Amino acid sequence: MGLIVLVLMFGVIYMLVIVPNQRRQKAHRALLASLEVGDVVVTSAGIHGAVAEIEDTIVWLEVAPEVELKVAKASVTERIPDDDEDDDDEDDDGYDDELEAADASDDEG
């Protein structure tokens, strides 16, 4: 009976901890393999930059005009999607619309 409980606990831990971690590692390896020059990325330290050059285990990030940082390729954690069509509405979160509506209702009352 004790052996069955031990096996079940191992199975639950495997499904809740190990499998999601393996998926996360696989996705990270795929991200690193698909990096290209020009991609905008974020590192684990929170540094945002565009990939300027890719070496074996090193990525050069352009963080400002003519300013490049040398970071470990494994530290890249996220690729920022390119939103060219939404550049004019960059900060459009609906907050300004709520303020305008509130101002309009204050003027009426």
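Look a little higher up for the structure.
What you see is a predicted model, and the numbers here were worked out from it, not measured in a lab.

### A word on the pattern of salt bridges
Tallied over the entire structure, the rule returns 1 salt bridge. With a shortest N-O distance of 3.2 Å, D39 and R79 are connected by a salt bridge. Taken together, the residues D39 in the loop between α1 (2-33) and β1 (40-43) and R79 in strand β5 (residues 76-79) connect sequence positions 40 residues apart. Residue classification places D39 among the buried residues on the basis of a relative accessible area of 16%. R79 gets classed as partly exposed once you look at its relative accessible area, which sits at 32%.

### Re the pairing of strand β3 (residues 58-64)
Pairing geometry for strand β2 (residues 48-54) and β3, over 4 bridges, is antiparallel. Paired with E53 across the two strands is W60, which belongs to β3. Between β2 and β3, which follow one another and run antiparallel, lie 3 residues. Judged from the 6 bridges that link them, β3 and strand β4 (residues 67-72) form a sheet pairing that is antiparallel. From the neighbouring strand, L61 faces β4, where its bridge partner is L69. Once β3 ends, the chain turns through 2 residues before running back antiparallel as β4, passing E66 with a positive phi of about 60°.

Cut-off values and rules
- Residues numbered from 1 in each chain as written.
- Predicted model: local features only at pLDDT ≥ 70, side-chain atom pairs only at ≥ 80, totals over all residues.
- Heavy atoms only, no water.
- Salt bridge = Lys/Arg side-chain N within 4 Å of Asp/Glu carboxyl O.
- Helix = DSSP H or I, 4+ residues; strand = E, 2+ residues; numbered from the N terminus.
- Buried < 20%, exposed > 50% of the residue type's maximum accessible area, 1.4 Å probe, protein only.
- Pairing = 2+ DSSP bridges.

Any functional reading would require information that these geometric values do not contain.
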